[in-house]
Amino acid sequence: MTAVTSTPVTASPPSRLRRWRKADPVLILSVLWCALAILVAVAAPLLAPYDPSQTDILAAAQGLSAQHWFGTDEVGRDIFTRVLYGARLSLLGPVLVVVIATAAGTALAIAAVWFGGWFDRLLTRVLDIAFAFPPLLLAVLSVVLFGPGLTAPVVALAVAYTPYIARVVRSAALRERHLPYIESCTLAGLSGPRICVRHILPNVLPLVRAQAVTSLGSSLLDLGAISFVGLGIQPPSAEWGLMVADGRTALLNGSPQESLAAGFMIIITVVAFNMLGERLAERAEVRA
Amino acid sequence: MTLTLHSAVSRFSGRTLWRIRAIVRRLAGAVLTVVVATFAVYAALAAAPGDPALALAGRNPTPERIAQLHQELGLDRPLVVRYFDWLSGLPRGDLGQSIVYRNSSVADLLGPRFGTTVFLVVYAAVLILLLGLLLGVLGGAFRRLNGPMAALTSVALAIPGFVAAPILVSALALGLGWFPAVGAGSGFTDQLWHLTLPALALAIGWCAWLAQITRTSLRAEKASEHVGTATGRGLPPVTVFRRHVLRNAAIPISTVYGLTVAGLLAGAAVVEQAFGIDGLGTLMLRSVSAKDYNVVLAVASLIIIAFVVTTQLVDALHTVLDPRLRTKGGRK
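Residues numbered from 1 in each chain as written. Chains lettered and ligands numbered in written order. Predicted model: local features only at pLDDT ≥ 70, side-chain atom pairs only at ≥ 80, totals over all residues. Heavy atoms only, no water.

Undergrad: Mind showing me how you'd approach the overall build of chain B here?
TA: Scanning chain B from terminus to terminus reveals 14 helices and 0 strands. Seen in sequence order, chain B has helices and strands lined up from the N terminus as α-α-α-α-α-α-α-α-α-α-α-α-α-α. At 25 Å, chain B has a C-alpha radius of gyration far larger than the 20 Å of a compact globule built from 332 residues. Based on the C-alpha atoms only, the size of chain B along its principal axes is roughly 85 × 75 × 35 Å. For chain B, buried positions account for 44% of its 332 residues. Pairs at least 24 residues apart make up 70% of the contacts formed inside chain B by residues separated by at least 6 positions. As presented, chain B carries roughly 17300 Å² of accessible surface, and 66% of it is formed by carbon and sulfur atoms. Each charge class in chain B can be summarised by its mean position, and for the 29 positive and 15 negative side chains these summaries are 19 Å apart. (Helix = DSSP H or I, 4+ residues; strand = E, 2+ residues; numbered from the N terminus. Rg over C-alpha atoms; globule rule 2.2 N^0.38 Å. Buried < 20%, exposed > 50% of the residue type's maximum accessible area, 1.4 Å probe, protein only. Contact = heavy atoms within 4.5 Å. Areas by Shrake-Rupley, 256 points an atom, 1.4 Å probe, with all protein chains shown as cover. Lys, Arg positive; Asp, Glu negative; His and termini not counted. Charge placed at Lys NZ, Arg CZ, Asp CG, Glu CD.)

Right, here's the structure in full:
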């Protein structure tokens, strides 16, 4: 039931409390922003003052006002409302990408380390080739095959991110593989899958978590870029990258609210994800 | 006489053969990567829904007409044969025919846009190198600047080109009127002026990455024992910094810079779109919607080849920077 060798003890309640008191303001702000973004995405219909697709030609292209906090776009839709609703698709995509890529990358890496030999060499070779594909290029191919929308770019980015996660996890798992406790697990008669899932995986998990959170930030950027060039989410849906593109004509006519509002949402959210990922990585390193 | 000659030859051939073998192995790896990656692109585009012959045949085509077009376009042959046909045309600059613009070859379409995109990418690469190193060295060399530089790079890292574009355009083009908001310009100085904002937008995130790596690796080297020894020997701080800190930090810095430049071509597509520049990237994106797959294939292959060539160059640079890699035959 209990493992022969225990994994390093995870934080007990008092030490976690102490850690929180020591926590820096940047980390707190990042966590708060992420929580707020998720809350907004879930509760957008309750929070938004207008309907995101309700057009009002009489109130088109307005500046900032008490009725329309961020103004209105070219067809009179409320930009603040669309920024709130935009959180849904803008966050859903990266979460899907990261969940798929993390699961695939971690499983592949641990399997490669466990079996070693030709499987490990093949994986390393395939990863080397996969690195030659920039995410945008994979997205282009994926859209050619499956058509624009949410699915094709998410699949492409999941494929593009898997090698990065696999590489990080592989080197960490390789370190674990040669530690004495793995040998004692083998001697105790535990099966290969069991050692991988119950012993190697928990020990590389902090690193996986840090890598996943950082990947959230970069996939938000990449998915935004894909929507921006017209290969991703299609209008009239509200999504931040798409809104930056949507606001281009208004921007050239001197009212940049739509592009800037959506753009700043992207920047702040990515900074929050990156900060969070950085702190998690530091913690993973301390443990290793 | 013969004895010394013999030993000289064997010593020469021993080491050089080793080096040549390492280079050949690396080149073979690079070529293999390009072939496999471009074949993946070729196969994906071939598997795309929609028959180009149907698009060309006009309304109500007869089956004979479709078959004839298939033969003309070479679509009746197996995929692998078609791919190697395409690949053999590559060195001659023969990239096939555009499906949409029937009278022009893909090379004709790429030609005029190639210069614009290369200009943009090189401009951005220079900006990244100058600004990234400057910010990184400032943060790494002066302890007081470390915090502010860390904050600055963290934010800049999160600014993608397509968000930087509206910010730069509304501030510097429409607000202050220093730069044009759209277009690529013609002639060297005009292009330089037109492409400044796009190059900045493209550079900003990568620049932050380079600055961050520079700063952290400089600080790591400064804290290391060999630097403490060098300082203890009484070497002037500038010499210590140049010969002991910078030289060692050059390896991670050049790695990151290489990856940056390798990825610029793909990133340029988004920035070109944002600034309405008619370059390779916008051509590729337009060709995706127009289903002009020969063009997509050509630009995609260019992106892949540029990536592989750049990373190989960086690897070669490493053996120059790090003598340890040389004695071990080039690979870590």
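Undergrad: Is there a simple way to explain the confidence of the model for chain A in this structure?
TA: Atom-level detail of predicted coordinates should not be read off regions where pLDDT is low. All names here are of chain A. Mean pLDDT over chain A: 85, with 91% of residues reaching 70 or higher. Across chain A, the element-wise mean pLDDT spans from 58 in helix α1 (residues 13-22) up to 93 in helix α3 (residues 79-115). Considering only residues more than four positions removed or in separate chains, one finds that residues 1-11, a stretch of pLDDT under 50, has 14 contacts. (pLDDT = per-residue confidence, 0-100.)

Undergrad: What exactly am I supposed to notice about the pattern of salt bridges here?
TA: A pair can form between side chains of opposite charge whenever their charged atoms are brought close. All names here are of chain A. Applying the stated criterion across every chain yields a total of 6 salt bridges over all chains. Between Arg 77 and Asp 246 there is a salt bridge; the shortest N-O distance is 3.6 Å. Taken together, the residues Arg 77 in the loop between α2 (25-47) and α3 and Asp 246 in helix α9 (residues 240-246) connect sequence positions 169 residues apart. The buried category is assigned to Arg 77, whose relative accessible area is 10%. Owing to a relative accessible area of 28%, Asp 246 belongs among the partly exposed residues under this scheme. (Salt bridge = Lys/Arg side-chain N within 4 Å of Asp/Glu carboxyl O.)

Undergrad: It is not clear to me how the interface of chain A and chain B should be interpreted in this structure. Could you clarify?
TA: One widely used convention gives an interface's size as the accessible area the parts lose upon coming together. Listed per partner, the contact involves 36 residues of chain A and 45 residues of chain B. For the chain A and chain B pair, buried surface summed over both sides reaches about 3200 Å², with 83% attributable to carbon and sulfur atoms. At the boundary of chain A and chain B, one finds 0 salt bridges. Taken together, the links from chain A to chain B amount to 4 residue pairs in polar contact (both at pLDDT 80 or more). Elements represented by at least two residues in the side of chain A that touches chain B include exactly α4 (117-130), α5 (135-146), α8 (192-228), α9, α10 (248-252) and α11 (257-287) of chain A. (Buried area = accessible area lost by both parts, 1.4 Å probe. Polar contact = N/O pair within 3.5 Å; in protein donor to acceptor, adjacent residues only side chain to side chain.)

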